[in-house]
Every structure is written in structure tokens, then in C-alpha cells.
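# Fold and geometry: a report
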Amino acid sequence: LAEGGTLIVEPWLERVLDSFAGSPEFVEMLFAEARANARLTHPNIVQTFDVGMNNSVAYILMEYVRGPDLKKLMNQLKRTGKALPAPHAMRLVADAASGLHYAHSYVDPTGKPHPMVHRDVSPHNILVSLDGAIKLSDFGIAKVVGEAGHTATGTFKGKVMYVSPEAIAGLPIDARHDVFSLGVTLFELLTGQLPFKRES
């Protein structure tokens, strides 16, 4: 919506579940990550506007995207026996890659690099707006390279079917982890199945 030449973006409020609201460590982790995410302003990334506390409940105020996530779109296509044409799939993934590249190479206004790894790239976190825009969402577990993280040693964050072998092995990860996950997403988008068969 435009008003007086200004773009009006509808906000979306996400709050901490009651089961985590009483954990100061969890709330601080949420705030630290949300502050990092708020740095990112790109057409292919869901924007974070504000973080704070309201009645002792932590919240994040972010851009609301009208439309499904890619996983829901893929499931709907599968149910109807249809497939997304390859050029559309490539365009969709290219737009998501553009947002990732911006995060991976982010430089703050002072010129200091703050590259960020998303760590949870999957069809669930790629939103397809009704006007055709592609938005990466859920940078909630993103890691700013060179800054202290919150992941315990030997653990990984993300969805197991999309994470890189390095992450599963508990090794340090970088931007290549996100590229791997986006590659798995593209494979699934084009073939209707995941590339790896696993017992667990």
C-alpha cells in the first residue's frame, strides 16, 4: 500500500511461547538474534521492525507477508498433481539466493562486515507473497560470523533434512551451509522429493 509516496508495510507480531517466557536466557537469545536480524534490509528478506517486552512477554514485530510458505505451495501442487515449471522454480530460488547473498556479505553503515549465516534455509522459511515477491523468513537462529553464538557445542540448528553434513557433524559452518540447504530445496522443488534417503 502506498500513502503519500511512502511504502506502508503491514507488521506481524510474534511472541515467545508461555513455556519459554520465564527463561531469561531464552529471552536474551531471542533479543540478541532479533537485533542482528534487524540490520538486514533487503527485498528478499522479511524485515524485523522492533523487539521488546510487553506485560513480561518478549515479542518481535516484523513484516507480514501475505501468501504461503514454499512448503505449503509444494504440498498443494503435489495434491493437485501439478508441478511448478522449472523457470519459475529457478526464479524463486534465485530470489532467495539474492537475500542469502546479502546476509552473507552484510556490511554495516560504518563499513564493518557482519556476515550472517541463516542456518535454517528450507521451503518452510521461504515465503511466496501473493504479489510474487519471494522472502526469506525466520532468521531467528541466524549466526553473525565472528560474534558470540548460543548454540551448544556438538549441536546444530535447523531442519535435519536440509542441513549440511558439516552441521550434522557439529563442525563450524559458514555461508556454504545455507547454499547447501538452498540446493536441497531446489532439488525438492524440481523433483518433488528430497535428495537423501535416511533411516532417521
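Residues numbered from 1 in each chain as written. Predicted model: local features only at pLDDT ≥ 70, side-chain atom pairs only at ≥ 80, totals over all residues. Heavy atoms only, no water.

### Describing the overall build of the chain
Here is the rule: For helices the rule is a DSSP run of H or I covering at least 4 residues; for strands it is a run of E covering at least 2, with both sets numbered from the N terminus onward. Burial classes: relative accessible area under 20% of the type maximum marks a residue as buried, over 50% as exposed, and values in between as partly exposed (1.4 Å probe, protein chains only). Here, residues are in contact when the closest pair of their heavy atoms is within 4.5 Å.
Looking only at helices and strands, the chain features 6 helices and 9 strands. Looking at the chain residue by residue over its 200 residues, the buried ones come to 36%. Within the chain, contacts between residues separated by at least 24 positions form 62% of all contacts whose residues are at least 6 apart in sequence.

### What to know about the nonpolar core
For the record, the criterion: Remark: nonpolar core denotes a set of buried residues (Ala, Val, Leu, Ile, Met, Phe, Trp, Tyr, Cys) joined through side-chain atoms within 4.5 Å.
In terms of nonpolar packing, the biggest core is built from 22 residues, with Leu40, Leu70, Leu92, Ile126, Phe139, Leu182 and Leu189 touching the most fellow members. Mapped onto this core, the elements with two or more residues apiece are helix H3 (70-79), helix H4 (86-104), strand S7 (126-128), strand S8 (134-136) and helix H6 (175-191). For this core, the element with the highest residue contribution is H4, accounting for 6 residues. If we skip the residues at most four places from it in the chain, Leu40 touches Ile45, Gln47, Tyr102, Ala103, Tyr106, Met116 and Phe139. Phe31, Val46, Ile60 and Met62 belong to the second largest nonpolar core, which has 10 residues in total.

### Topic: the pairing of strand S4 (residues 48-54)
Note the following rule: Any two strands between which DSSP finds at least two bridges are classified as paired.
Sheet topology places S4 next to strand S5 (residues 57-63); 6 bridges connect them, and they run antiparallel. Paired with Asp50 across the strands is Leu61, a residue of S5. Hairpin geometry of S4 and S5 is characterised by an intervening segment of 2 residues between the two adjacent antiparallel strands and by a positive phi of about 50 degrees at Asn55.

### A few points about the pattern of salt bridges
Selection rule: Each reported salt bridge corresponds to a side-chain nitrogen of Lys or Arg within 4 Å of a carboxyl oxygen of Asp or Glu.
In total, this model carries 5 salt bridges according to the counting rule given. Across the salt bridge formed by Glu188 and Lys71, the nearest N and O atoms sit 2.7 Å from each other. Of the two residues, Glu188 sits in helix H6 while Lys71 sits in helix H3, which places them 117 residues apart along the sequence. Each member of the pair, Glu188 as well as Lys71, is classed as buried. With its nearest N and O atoms 3.0 Å apart, the salt bridge here joins Lys159 to Asp120. You can see Lys159 sitting in the loop between strand S9 (143-144) and helix H5 (165-168) and its partner Asp120 sitting in the loop between strand S6 (116-117) and S7, a full 39 residues away along the chain. We classify Lys159 as partly exposed; its relative accessible area is 26%.

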